[in-house]
Each structure stands twice: as C-alpha cells, then as structure tokens.
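What the coordinates show
Letter by letter, the chains look like this.
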Amino acid sequence: MALLVRVLRNRISHWVPVCSRLVPVSSTQAQWGRALSGTFQKIKIAALRMYTSCVEKTDFEEFFLRCQMPDTFNSWFLITLLHVWMCLVRMKQEGRSGKYMCRIIVHFMWEDVEQRGRVMGVNSYILKKNMILMTNNFYAAILGYDEGILSDDHGLAAALWRTFFNQKCEDPRQLELLVEYVRKQIQYLDSMNGEDLLLTGEVSWRPLVEKNPQSVLKPHSPTYNDEGL
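Below you will find a few notes about this structure. Everything numeric here is computed off the predicted structure, so don't read it as measured data.

Procedures and definitions
- Residues numbered from 1 in each chain as written.
- Predicted model: local features only at pLDDT ≥ 70, side-chain atom pairs only at ≥ 80, totals over all residues.
- Heavy atoms only, no water.
- Helix = DSSP H or I, 4+ residues; strand = E, 2+ residues; numbered from the N terminus.
- Buried < 20%, exposed > 50% of the residue type's maximum accessible area, 1.4 Å probe, protein only.
- Polar contact = N/O pair within 3.5 Å; in protein donor to acceptor, adjacent residues only side chain to side chain.
- Phe/Tyr/Trp six-rings, centres within 6.5 Å; stacked < 30°, edge-to-face > 60°.
- Lys NZ or Arg CZ within 6 Å of the ring centre and 35° of its normal.
- Arc of directions from axis to C-beta.
- Contact = heavy atoms within 4.5 Å.
- Axes fitted to C-alpha atoms, helices over the stretch in contact; angles between N-to-C directions.
- Parallel < 35°, antiparallel > 145°, perpendicular 65-115°, else oblique.
- Nonpolar A, V, L, I, M, F, W, Y, C, P; charged D, E, K, R; others polar.
- Expected span 1.5 Å × (residues − 1).

**Some details on the environment of glutamine 185**
Inspection of the secondary structure puts glutamine 185 in helix 8 (residues 172-190). You can call glutamine 185 buried: its relative accessible area is 0%. Distance from glutamine 185 to cysteine 87, taken between C-alpha atoms, is 9.8 Å for residues 98 residues apart in sequence. From its side chain, glutamine 185 meets the backbone nitrogen of arginine 206 in a polar contact 2.7 Å long.

See the structure below:
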C-alpha cells in the first residue's frame, strides 16, 4: 500500500527549489526592495517549510485507506492540494506578507509536482500537458474549496465530492470524515500564531481520525533563532 508515495519520498529526499528564481524583481521594486529583501527571504524559507509540511507530515497512506483512493500520482496531488489550500486559507489572513507567502507556497508546489513527474519518467510532452491540466484543476479546486469552507457542511461536502473524490464517492461516511477533517484542521491552523507562521512556516496536521474526538490540541509554539530560522 502506498508504494508510489514511499518511492517518491525516497527518490526526492534532497529536493530544494531555487529561491532566487521565485519572484522576479522589477526596477521599480528594486528601489524599495532592499529594505524588505531580508524579510521576504525569510518568508520564502518559511514558505518552503510550510509546503514541505504538506508533503512530509501528511499521512498519505491513511488517506488512501480510509478514502479508498488508488495509490497514484493523481491521488497524491489531490491530497497535497487539499493541504496546500488549507495553508493558503490561513496565510491569507496575515496581510501583505501572508499573501506573498501564498504565492511562494504555490510556486514550490508546482516545482515539486514537475520534479516528481520527471522522477517517475513521464515524457516531457505529456508532463507539460498534465501540468496545464493540473493547473486548471488547481484553481478550480481552490475556488470550490473557498466557497465550501464559507458555506455549511453540505456546501463543503459538495466541494470535496467534486474535487477530492472526483464525483466518485458513494460512501457518505467518507465525505463526513473529510468535512470533519477540514473543519478541525482549519480551526487548528487558525489557533496558530500568525507571526510564528511567517517566521518558521512550521505546520502540523491533526490526524485524519482522532483517537480522542473531544480533543483538538493547542499547537506548541515553534522555536526559532533571531533570524526566524
């Protein structure tokens, strides 16, 4: 079970995106950018850590098992997309810096998706076509999830059914499980200090199934040095 995920983790253990390529700086931005470059560089590092938490701290095997998902690259992407979206929801609350961090998280995600496709030996032409399709699906999913989280549980369930389950979920218990997971995880992320998230990007995830349903633990404050690293 989850052979693909284990193979990808083993073969991409040293993946490090090139931060300097992330956001081109125009001549106008350069005039004021020097004063903020240090802060933005810290946010880039934090964004990498936050994206990494989406792919390394998520129990993909449990999602495959409990949601009856096939062990495929597309399933990996759907699970990752859901967690990236929850991070975006949280960081958009942190003003300009948070929105900047969202852009970087998404950029890291696409770099990772492309690299994983190459590791799997996907033909470059096919990979390019798939990247275009996944990009379209990503923004459609973000819009649907945004509407769902602002709606009641029926609205969120509909969004998850359309995107996460690709309209193929016939077991209402799976939808109920995912709705509960998203609600509690959004609440958990909201309880985290915004300044800490901008400095460290450290995010932990609640279990898909809680051992103690009555308890959603308060997150521990992250540790970091004076540079936020």
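**Comments concerning the packing of aromatic side chains**
This structure, assessed with the given rule, holds 10 aromatic pairs. Among the aromatic residues, those joined into a ring-pair cluster are Phe63, Phe164, Phe165 and Tyr181. The lysine or arginine in question, arginine 206, covers the ring of tyrosine 188, its NZ or CZ lying 5.3 Å from the ring centre.

**Side note on helix 7 (residues 153-163)**
Three or more residues of helix 7 are buried, namely Leu156, Ala157, Ala159 and Leu160. End-on view of helix 7: buried residues confined to an arc of 160°, all on one side of the axis. Against helix 4 (73-91), helix 6 (124-149) and helix 8 lie the buried residues of helix 7. Residue aspartate 152 occupies the N-cap position of helix 7, its side-chain oxygen lying 3.1 Å from the main-chain nitrogen of histidine 154.

**As for the packing of helix 4 against helix 5 (residues 95-119)**
At a minimum axis distance of 9 Å, the contact between helix 4 and helix 5 shows a crossing angle of 170°. One way to sum up the angle between helix 4 and helix 5 is to call them roughly antiparallel. Contacts between helix 4 and helix 5 involve Phe73, Trp76, Phe77, Val84, Leu88 and Met91 from the former and Gly98, Lys99, Met101, Cys102, Ile105, Val106, Met109, Trp110, Asp112, Val113, Arg116 and Gly117 from the latter. For the contact of helix 4 with helix 5, the per-class residue count stands at 13 nonpolar, 2 polar and 3 charged.

**Brief notes about helix 6**
Taking 1.5 Å of rise per residue, the 26 residues of helix 6 would be expected to cover 38 Å, and the 36 Å separating its terminal C-alpha atoms lies within 8% of that figure. Where helix 6 is concerned, the buried positions are Leu127, Met131, Met134, Phe138, Ala141, Ile142, Gly144, Tyr145, Gly148 and Ile149. Buried residues in helix 6 make contact with helix 4, helix 5, helix 7 and helix 8. The N-cap residue of helix 6 is asparagine 123: its side-chain oxygen and the backbone nitrogen of tyrosine 125 are 2.8 Å apart.

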